[in-house]
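Spelled out, the chains give:
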Amino acid sequence: MLGVRYNIIEWDDLRRELGKVQKPARYTGGEINARVKDHSSVDVHFALAFPDVYEVGMSHLGSQILYHVLNSRQDVACERVYAPWIDMEKLLREKGWPLFSIESRLPLYVFDIVGFSLQYELTYTNVLAMLDLGRIPLRSRDRTREHPLVIAGGPCAMAAEPLSDFIDAFALGDGEELVLEIVDVYRQWKRSGRPRKDLLIMLSLLEGVYVPSFYSVDYGTDGTIEAIRPKEIPVDPGMYAHIRDTLSKGPNPRKCASLNEDKPGIYLPPERVRKRVVRSLEDAPFPLDPVIPLMEPIHDRAMVEIFRGCTQGCRFCQAGVLYRPVREREPETVERLAREILARSGYDEVSLVSLSSADYSRIKEVVSSLVKDNPCAARVSLPSLRVDSFSVGLAEALGTSTHTGLTLAPEAGSQRMRDVINKKVTEGDILEASLHAFRAGFSHIKFYFMIGLPGETDEDVAAIADLAVRVRQAGRDLGIRPTVVVSVSGFVPKPHTPFQWEACMVPEEIARRQAILARALRGPGLEFRYHDAEMTRLEAIFSRGDRRLGASLELAFKRGRRFDAWPDRFDPVAWEEIFRETGVDAAFYAHRERGKDEVLPWDHLDSGVRKSYLWKERERALERMLTRDCRAGLCTGCGICPDFGVRVRLAGER
Amino acid sequence: MKIRVKYRKGDSVRFLSHLDVARVIQMSLRRAGWPVAMTQGFSPKPKISFYAPLPVGTAGEEEYFDVVLDSEKIPGSAGKKGSGKGQGRIPTGAGAHGDVIDLKELKSLARALSDNMPPGFSVRGVSIVPDQEESLEEKISASEYEVDIKGVERDSLVSAVNAFLREHSVLFQIQRPKETKDVDLRPYVLDMDVKLGKPEPEERAFITMKIKHDAGRTVRPQWVLACLSRFGLQIDPREAVVDRKKVYLD
Ligand code: SF4
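Conventions adopted
- Residues numbered from 1 in each chain as written.
- Chains lettered and ligands numbered in written order.
- Predicted model: local features only at pLDDT ≥ 70, side-chain atom pairs only at ≥ 80, totals over all residues.
- Heavy atoms only, no water.
- UniProt positions renumbered as here; feature names shortened; annotations may be inferred.
- Helix = DSSP H or I, 4+ residues; strand = E, 2+ residues; numbered from the N terminus.
- Core = buried A, V, L, I, M, F, W, Y, C linked by side-chain atoms within 4.5 Å.
- Buried < 20%, exposed > 50% of the residue type's maximum accessible area, 1.4 Å probe, protein only.
- Contact = heavy atoms within 4.5 Å.
- pLDDT = per-residue confidence, 0-100.
- Pairing = 2+ DSSP bridges.
- Axes fitted to C-alpha atoms, helices over the stretch in contact; angles between N-to-C directions.

In the nomenclature of an unreviewed UniProt entry, chain B corresponds to DUF2344 domain-containing protein from the organism Candidatus Fermentithermobacillus carboniphilus.

Written out as structure tokens, the structure reads:
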């Protein structure tokens, strides 16, 4: 039951206005498998909020999983809300309409819980805009019992300190179990009639929930963080008893939240908050009836997650740390899910998704079985292939259209740099994979590279172009006229990776290196694409930032910054001004190397991979030492399995 | 064998673009298990043709598409070729293939399709298209639209419509990203009429327009509305709710 008074925008009013905005179907819902529940029959209204446009949000598998998990509960109504495009925001403000969910057009402020999905730092201004348009106070401390609980999950939640003033609680790690525990705690709290602060306390007792307002951050004179500590939270006797009960019976005995025995009535949240890990994907819920958008999403296909986690150990890769350990689905389950989803959805393509799909231990049998037999004669596709002949062979077996071309990511051009980042791919692998691709009929190969990696020299940059030229030559030797596309992005040292201490290169230097490539990659059959170096800097600032950036975000929101990841919306000059006015030194966040013992803004959030392991990996990087994949059974000691009591699970070894 | 499907793009899905509608229908056909024939070649596409596409924002009561079925896979009549001697079997015209489909089978396919369409869409009829028949595009002679507007002054509406109809030529400038083009709307407007709704709570009115299709060329009701301002009617055409009620086939 909704406790707040509200009006729903009449359809007749809405349809007379939507002709004024681009792609109005973004806001009208009505999809197959969208769930519209009777609001009087549910207890908890959950808004799944995605801070980007509809067609991006609808392509996100994690949101489909959570939508399914939440709506499977009879007492929960989960509805979706996306960031309105600029024209729609203008319309909402002109008409005085609040941001609304697309299922029932409920205003955002009437929901009990608003849960944001944080996939990318450059969506943070959209988070603020959505709160404001949804008539929810921006800052957590200004919200009362009448306002929704605002939570956020997704990979960025593991280091989203710049958002900590605006988000009541972050959900860390795998969400499919945690989100229901959050709903249960919410219900319990709602019935108890206790103040809002008690809700946050109760949530902080769950493994994987981080309540930023319960932590204080001390800064040194040089601006670096001295300490991040849990605050002593005074609680009344009823709450005290509740905490004692919860702590004594588990279910999370590893939690280190505690009651201060010397000071009765004081609760101490855990010093470090652990991410949640779903033990087995095999038992995890997966939507057989995903919502099928009526307008074309970015990824227009059915998706089956074949495994979670990746232990290749690329040293720049945040996902490789955040989603550890590897957990595979059984091949029979993958095939059953794929066939059923295809038959029910009508998609003509199914993508077997993971961070590195060729690593799936049963990939060959699953692919050949699905290609041979599926209900819609659908295509099977694998995103994120490895750079080797085996992967290209898979692409060939899939009957991947040779027109669309093949995408491979060697990430670095020279062997030296590939060793530094632990990308265990040799030039031989790259050439062999390319030759294989050309022979299989692909004439268009796209390579992804990064520039600005630690210790990179001009020779390493030039090696990218050399490699592309050599691949082109290999194609010509076979008598074809290949197109080699080189797509280059600036490296952002990400939290929770071995490179988290590194500096991000300044935009001028990235631009200079781009120019080296632009010169070298002229000529027929070569194409060069690159990302805006200023956008790389903004991403570096917000992914590595601390709480002091909250003021910049709020000002940016007020100045109308939205969709910063969209090249035509991104405005580096405006951002420079915002940082100047809020006293933020971009270089301090983006371009400074951190010391070994410096407290990093995300140190209190535990990914399971030990900081000492990350540091060791960083040192190995500088010595160009490779670290093997633990998937094959030899542990490299990152720490998550013993510390979290989890393990790598390959198919067939349940 | 070619089947013509008459369907509805309802009020709730009016904001889908033509491409969205085509995608939704293709997916619905697959869900419903229609044995749609595919084109030959490197990236096979289902053989479906759409006609007189509706723009974003416009709903349609009687829309059409043609779809070619793969005779080998038609349930109940799979692979059966002949002159349609069996009872209840209809020869699909003097087609080169001479395929047949069971009438009941066709109805059940129609039902399955309707059931598998998203809310807002439905099947309103199916028929078999004789092989030699000309394309539907050639046969569409006119569309009838109903335009629902709110907050207009009745007298000025009626007089603007009458004034428009008295003209011999009404030029409208179509703005496209790269060019602007003048088109004379008047010859396309075969008929236009005003129906007044209840005056309360807000002035509401309906304009019906019969608009000509000329070898695939036609004009939009919104353009006509925009031109009514020249005859004294102040209205934002983007706020009008436009439904195509009927498509006239020769
Ligand atoms: S603890 Fe060992 S086996 Fe487990 S994920 Fe880390 S490196 Fe791999």
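On we go.
Draft legend 1. Inspection of the UniProt feature "domain: DUF2344" (unreviewed entry) in chain B at higher detail. Taking the UniProt record as the reference, the feature "domain: DUF2344" (unreviewed entry) is found at residues 2-72 and 92-221 of chain B. For residues 2-72 of chain B, helix accounts for 20% and strand for 30%, while the C-alpha atoms at its two ends are 13 Å apart.

Draft legend 2. Highlighting the nonpolar core. Judged by nonpolar contacts, the single largest core of 225 residues is most densely connected at F116(A) and W34(B). Excluding its chain neighbours within four sequence positions, the residues that come into contact with W34(B) are I3(B), V5(B), L29(B), V67(B), L69(B), L109(B), A110(B), L113(B) and V126(B). A163(B), V183(B), A205(B) and V224(B) belong to the second largest nonpolar core, which has 32 residues in total.

Draft legend 3. Quick look at the confidence of the model for chain B. All names here are of chain B. This prediction gives chain B a mean pLDDT of 86; 87% of its residues lie at or above 70. The low-confidence segment residues 77-89 (pLDDT under 50) makes 25 contacts with residues lying over four places distant or belonging to another chain. The model gives residues 91-98 a pLDDT under 50, and that stretch makes 17 contacts with residues more than four places away or in other chains. Here the predicted complex scores 0.93 on pTM and 0.90 on ipTM.

Draft legend 4. Fine view of the sheet that holds strand 21 (residues 526-530) of chain A. Residue and element names in this part refer to chain A. If you trace the four strands from one edge of the open sheet to the other, you get 18-19-20-21, paired in parallel fashion. Whereas interior strands pair on both sides, the edge strands pair on one side only; in this sheet they are strand 18 (406-411) and strand 21. With strand direction ignored, the average angle separating the axes of adjacent strands in the sheet is 20°. The pairing of strand 18 with strand 19 (residues 444-451) spans four bridges and is parallel. Paired with T407 across the two strands is K446, which belongs to strand 19. Seen against the sheet, helix 14 (residues 427-439) touches strand 18 and strand 19 and runs at an angle of roughly 155° to strand 19. Relative to strand 21, helix 16 (residues 507-520) is tilted by about 170°, and along the sheet it contacts strand 19, strand 20 (483-490) and strand 21.

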